[in-house]
Amino acid sequence: MCIPVINLQGIDRDETRRRKVIEEVERSCEEWGFFQVLNHGIPSTVLDEVIHGVRRFFEQDVELKKPYYSRDLKRKVHYNANFDLFQEIIIAVSWLLIRYSS
């Protein structure tokens, strides 16, 4: 079993390649729900900072995250969890961070 890998190289220059990648993304989403992207052009320093920012956010106290908590997908910025932050019961949550490969 292997995670699908999508290589974006050449999609900006070749319409046939672009259509093939779109089909790969569609298939990967339908069959797996996720995939790894190669040759996306995003510098590893930017990816590292995003991961660092996500960790900083999730390590904050629940009270600091509450203003962002919403199940409204129309909000520009929202935070959702697998429990209700506004209940008094504290539930253990496990978070999954998928590291990129460079």
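Residues numbered from 1 in each chain as written. Predicted model: local features only at pLDDT ≥ 70, side-chain atom pairs only at ≥ 80, totals over all residues. Heavy atoms only, no water.

- If you check an unreviewed UniProt entry, the protein appears there as Non-haem dioxygenase N-terminal domain-containing protein from Nepenthes gracilis.

**Re the side chain of Ser28**
In step 1: Along the chain, Ser28 falls in helix H1 (residues 15-31).
In step 2: Given the relative accessible area of 7%, Ser28 is considered buried.
In step 3: Here the side chain of Ser28 touches Glu24 through a polar contact of 2.8 Å, landing on its backbone oxygen.
In step 4: Not counting residues up to four positions away in its chain, the partners in contact with Ser28 are Pro4, Ile6, Gly33, Phe34 and Phe35. (Helix = DSSP H or I, 4+ residues; strand = E, 2+ residues; numbered from the N terminus. Buried < 20%, exposed > 50% of the residue type's maximum accessible area, 1.4 Å probe, protein only. Polar contact = N/O pair within 3.5 Å; in protein donor to acceptor, adjacent residues only side chain to side chain. Contact = heavy atoms within 4.5 Å.)

**A word on unusual backbone geometry**
In step 1: Backbone geometry places Asn39, a non-glycine residue, at a positive phi of 55°.
In step 2: For Asn39, the location among the structural elements is in the loop between strand E2 (36-38) and helix H2 (44-59).
In step 3: With relative accessibility at 47%, the residue Asn39 sits in the partly exposed group.

**Here's the deal with the pattern of salt bridges**
In step 1: Within the structure shown, the criterion is met by six salt bridges.
In step 2: A salt bridge links Glu49 to Arg56; the nearest nitrogen and oxygen atoms lie 3.3 Å apart.
In step 3: On the accessibility criterion, Glu49 (45% relative accessible area) is partly exposed.
In step 4: Between Glu63 and Lys66 there is a salt bridge whose closest N-O contact spans 3.1 Å. (Salt bridge = Lys/Arg side-chain N within 4 Å of Asp/Glu carboxyl O.)

**Some details on the packing of aromatic side chains**
Any two aromatic rings considered together are summarised by their centre-to-centre distance and by the angle between their planes.
In step 1: Here the structure, examined in full by the defined rule, presents two aromatic pairs.
In step 2: Seen from their ring centres, Trp32 and Phe34 are 6.1 Å apart, and the 75° between their planes marks the pair as edge-to-face.
In step 3: Relative accessible area serves as the criterion here: at 31%, Trp32 is assigned to the partly exposed category.
In step 4: Residue Phe34 is classed as partly exposed on the basis of its relative accessible area, which comes to 36%.
In step 5: Aromatic side chains Phe57 and Phe58 sit 5.3 Å apart centroid to centroid with 80° between the ring planes, which places their arrangement in the edge-to-face category.
In step 6: With a relative accessible area of 22%, Phe57 lands in the partly exposed category. (Phe/Tyr/Trp six-rings, centres within 6.5 Å; stacked < 30°, edge-to-face > 60°.)

**A look at the confidence of the model for the protein**
In step 1: Taken over all residues, the pLDDT of the protein has a mean of 80, while the share at 70 or more is 78%.
In step 2: Counting interchain partners and residues more than four positions distant, the pLDDT-below-50 stretch residues 88-102 has 17 contacts. (pLDDT = per-residue confidence, 0-100.)

**Comments concerning H1**
In step 1: Its 17 residues give H1 an end-to-end C-alpha distance of 24 Å, which sits within 8% of 24 Å, the value for a rise of 1.5 Å per residue.
In step 2: The inward-facing, buried residues of H1 abut strand E1 (5-7).
In step 3: Near the N-terminus of H1, the side chain that reaches the backbone nitrogen of Thr16, with its oxygen 3.0 Å away, is that of Asp14.
In step 4: The positive-phi residue at the C-terminal boundary of H1 is Gly33, with phi of around 90°. (Expected span 1.5 Å × (residues − 1).)

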